[in-house]
Amino acid sequence: MLDLDLLALGGLLLTPGPTNILLAFSTVSSGARRTVPMLGAAVLAYMAIILAVAALAALISTGAQIELRTGVRICAVLWLFWLAYSIWITEDPGVEVRLVTVRQVFVTTLVNPKATIVALLVQSESMTVQLLTTIAALVGLAGAAWIVVGLMVRRSGSNLLGQRSLRQVSAICLAGFGIILAGSSL
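Per-chain numbering applies: the sequence of each chain, read as written, is numbered from 1 onward. Under the rules for a predicted model, residues below a pLDDT of 70 receive no local features and side-chain atom pairs below 80 are neither given nor counted, while totals for whole chains, interfaces and linings still include all residues. The basis for every side-chain value is the complete set of non-hydrogen atoms in the structure, without hydrogens or water.

Regarding the overall build of the chain
From N to C terminus, the chain includes nine helices and zero strands. Numbered from the N terminus, helices here are DSSP runs of H or I no shorter than four residues, and strands are runs of E no shorter than two. Mapped in sequence order, the helices and strands of the chain form the string α-α-α-α-α-α-α-α-α. Relative accessibility decides the category of a residue: with a 1.4 Å probe and only protein chains considered, values under 20% of the type maximum give buried, values over 50% give exposed, and everything between is partly exposed. Taking all 186 residues of the chain together, the buried fraction comes to 39%. Intrachain contacts of the chain at a sequence separation of at least 6 include 88% that bridge at least 24 residues. We call two residues contacting when some pair of their heavy atoms lies within 4.5 Å.

Right, dumping it as structure tokens:
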């Protein structure tokens, strides 16, 4: 990939999305120490999607790929709505309670349309270990940036962004991503 392509990819990975929202929310609610391991889940999910798309592209006809994309999109919308609901209804916990899990970050990243876009971009290039390593590093850096955002909010001690309101804003964002994803298929 060209350096400009990698810069664009890095910009795409930095944009707010379900995975990044979860990382920031987890940092605010549970701290950076509990959130940093979730970066590995995000990186693994991106690599899994890239490899799965490569394998599927080689095995599935173009017509079936459209149907498969529709099925994946439906699963992604349902997952985002369920995750938004579960975050919304969670009772206010005590300090240091884990509201977001590694599994949730992994699954959310798997169904994140951004991961599929990255995987499709990689298909136009020669897939090398160096390219996959570079993408893994970009995913990790983008996620780390959102952990820093969460850390800044956590350290600000702002009552404006209390646990409950932060949960609700995060849930609304996740549901919004689900609505956008559902609407984009119309």
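A short note on the packing of helix α4 (residues 37-59) against helix α6 (residues 102-111)
The axes used here are C-alpha line fits, helices contributing only the stretch in contact, and every angle between their N-to-C directions lies in the interval 0 to 180 degrees. One can describe the packing of α4 onto α6 by two numbers: an axis separation of 8 Å at closest approach and a directional angle of 30 degrees. On the basis of the axis angle, α4 is roughly parallel to α6. Along this stretch, α4 crosses α6, giving a crossing that reads as right-handed. For the pair formed by α4 and α6, the contact residues are M38, A41, A42, L44, A45, Y46, A48 and I49 on the first element and V102, V105, F106, T109 and L110 on the second. Residue composition of the contact of α4 with α6, by class: 12 nonpolar, one polar and no charged. Our angle categories are set so that under 35 degrees counts as roughly parallel, over 145 as roughly antiparallel, 65 to 115 as roughly perpendicular, and the remainder as oblique. With the far helix as reference, a near helix turned anticlockwise by less than a right angle produces a left-handed crossing, and one turned clockwise produces a right-handed crossing. Any residue that is not Ala, Val, Leu, Ile, Met, Phe, Trp, Tyr, Cys, Pro, Asp, Glu, Lys or Arg is counted as polar, Gly included; the first ten are nonpolar and the last four charged.

Some words on the nonpolar core
With 40 residues, the main nonpolar core has L13, M47, I50, V105, V118 and I135 as its most contacted residues. Elements that contribute at least two residues to this core include exactly α1 (3-14), α2 (18-30), α4, α5 (62-89), α6, α7 (113-123), α8 (129-156) and α9 (163-184). Among the elements that make up this core, the one with the highest residue count is α4 (10 residues). In this structure M47 touches L132, I135 and A136, once residues within four positions along its chain are discounted. We call a set of buried Ala, Val, Leu, Ile, Met, Phe, Trp, Tyr and Cys residues a nonpolar core when their side-chain atoms join them within 4.5 Å.

Points about the environment of P16
Structurally, P16 can be placed in the loop between α1 and α2. The sequence separation of P16 and A142 amounts to 126 residues, and the corresponding C-alpha distance is 10.0 Å. With sequence-adjacent residues up to four places away left out, P16 is seen in contact with K114, W146 and F177.

Things to note about a nonpolar patch on the surface
Patch membership requires more than 30% relative accessible area and the absence of a salt bridge. Residues of like charge join within 9 Å; the nonpolar side chains Val, Leu, Ile, Met, Phe, Trp and Tyr join within 5 Å. Reported accessibility uses the Shrake-Rupley method at a 1.4 Å probe radius. Residues are deemed covered only where the shown protein chains occlude them. We count a salt bridge whenever a side-chain nitrogen from Lys or Arg sits within 4 Å of a carboxyl oxygen from Asp or Glu. The grouping of Y85, W88, I89 and I172 at the surface amounts to a nonpolar patch, some 450 Å² of accessible area in total. Among the structural elements, W88 can be located in helix α5. Here W88 falls in the partly exposed class, since its relative accessible area comes to 41%.

Focus: the environment of M47
With respect to the secondary-structure elements, M47 resides in helix α4. On the accessibility criterion, M47 (16% relative accessible area) is buried. Considering only alpha carbons, one finds M47 and A119, 72 residues apart in sequence, at a separation of 8.4 Å.

Some words on the confidence of the model for the chain
In predicted models, pLDDT denotes the confidence assigned by the predictor to each residue on a 0 to 100 scale. Chain-level statistics for the chain give a pLDDT mean of 80 and a share of 84% at 70 or above. Mean pLDDT across the elements of the chain ranges from a minimum in α1, with 74, to a maximum in helix α3 (residues 32-35), with 92.

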